[in-house]
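Examination of the molecular architecture
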Amino acid sequence: MRPLVIYFTRTNNTTLVAEAIAAELDADLFKHGDMPDVELEKQMQGRPLIALGTGVYNSRPSKQILRLIPKTPKGSKLFFFFTSGLTAKLLIDWYRRPVTKLAKKHDVDLIGIWRCPGHDKHPAFKWANLHADRPNRRDIAEVKAIVAMLK
């Protein structure tokens, strides 16, 4: 079976990354919300590689995508990606924590986590126009190179 990419976005920053990953892996691509979780879980069955991605909202990866981590089937490898407006190292570590905890707790084969800045559209920071140009071509080239090694 082909790899699978599932992503959640409110701002479309993550869409650009998800589409690039899916193209590089020749993977099936689904946006969370386009079908019920039960159907997404069925889609996950038998996949050698699953990439889950999300933006970070209110200092957390989306619960819609986090809920899918424990559903990763045994024998499948998981690659996680996210975009975030705030980029301090302490915050990035904070964003990764629930992903690594869930993967470890549910014995999921987490093979990598990748992130890039995304245009921060949160009302508190919108005025600053943080990372308005991100993800950009360099970010997309970087993630494509990383997932190419996962094939």
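Residues numbered from 1 in each chain as written. Predicted model: local features only at pLDDT ≥ 70, side-chain atom pairs only at ≥ 80, totals over all residues. Heavy atoms only, no water.

Quick word on the confidence of the model for the protein chain
With 89% of its residues at a pLDDT of 70 or more, the protein chain shows a mean pLDDT of 89. Here helix H4 (residues 89-105) stands out as the least confident element of the protein chain, with mean pLDDT 89; strand S2 (residues 28-31) is the most confident, with 98. (pLDDT = per-residue confidence, 0-100. Helix = DSSP H or I, 4+ residues; strand = E, 2+ residues; numbered from the N terminus.)

A closer look at the pairing of S2
In this structure, strand S1 (residues 4-8) lies alongside S2, joined through four bridges in parallel fashion. Each bridged residue has a counterpart across the sheet, and for Val5 the counterpart in S2 is Leu29. For the crossover from S1 across helix H1 (residues 13-25) to S2, the handedness is right-handed. (Pairing = 2+ DSSP bridges. Right-handed = clockwise from strand over helix to strand, strands pointing away.)

Notes on the environment of Lys144
Mapped onto the elements, Lys144 comes out in helix H5 (residues 137-148). Lys144 sits in the partly exposed class, given a relative accessible area of 31%. Placed 123 residues apart in sequence, Lys144 and Ile21 show a C-alpha to C-alpha distance of 6.0 Å. With residues up to four places along the chain from it excluded, the contact list for Lys144 reads Ala20 and Glu24. (Buried < 20%, exposed > 50% of the residue type's maximum accessible area, 1.4 Å probe, protein only. Contact = heavy atoms within 4.5 Å.)

Topic: the pattern of salt bridges
By the definition in use, this model includes six salt bridges. One salt bridge in this structure joins Arg2 and Asp28, with 3.0 Å as the shortest N-O distance. Here Arg2, found in the segment before S1, pairs with Asp28, found in strand S2; they are 26 residues apart in sequence, far enough to count as distant. According to the relative accessible area criterion, Asp28 is partly exposed, its value standing at 23%. Between Asp109 and Lys77 there is a salt bridge, and its shortest N-O distance comes to 3.0 Å. (Salt bridge = Lys/Arg side-chain N within 4 Å of Asp/Glu carboxyl O.)

Description of the environment of Leu49
By the secondary structure assignment, Leu49 is in strand S3 (residues 49-57). Leu49 gets classed as buried once you look at its relative accessible area, which sits at 7%. Along the primary structure Leu49 and Arg2 are separated by 47 residues, whereas in three dimensions their C-alpha atoms are 7.9 Å apart. Those residues within four positions of Leu49 in sequence are excluded, and the remaining contacts are Pro3, Leu4, Leu25, Lys77, Phe79, Ile111 and Leu150.

Notes on the nonpolar core
By size, the foremost hydrophobic cluster in this structure holds 23 residues, and its most contacted members are Ile6, Leu52, Ile65, Leu68, Ile69, Phe80 and Phe82. Those elements giving two or more residues to this core turn out to be S1, helix H2 (37-44), S3, helix H3 (63-66), strand S5 (77-84) and H4. Setting aside residues no more than four positions away along its own chain, Ile6 makes contact with Phe30, His32, Leu40, Met44, Ala51, Leu52, Gly53, Ile65 and Leu68. Core analysis: the second largest hydrophobic core is formed by 18 residues, Ala18, Phe79, Ile140 and Val147 among them. (Core = buried A, V, L, I, M, F, W, Y, C linked by side-chain atoms within 4.5 Å.)

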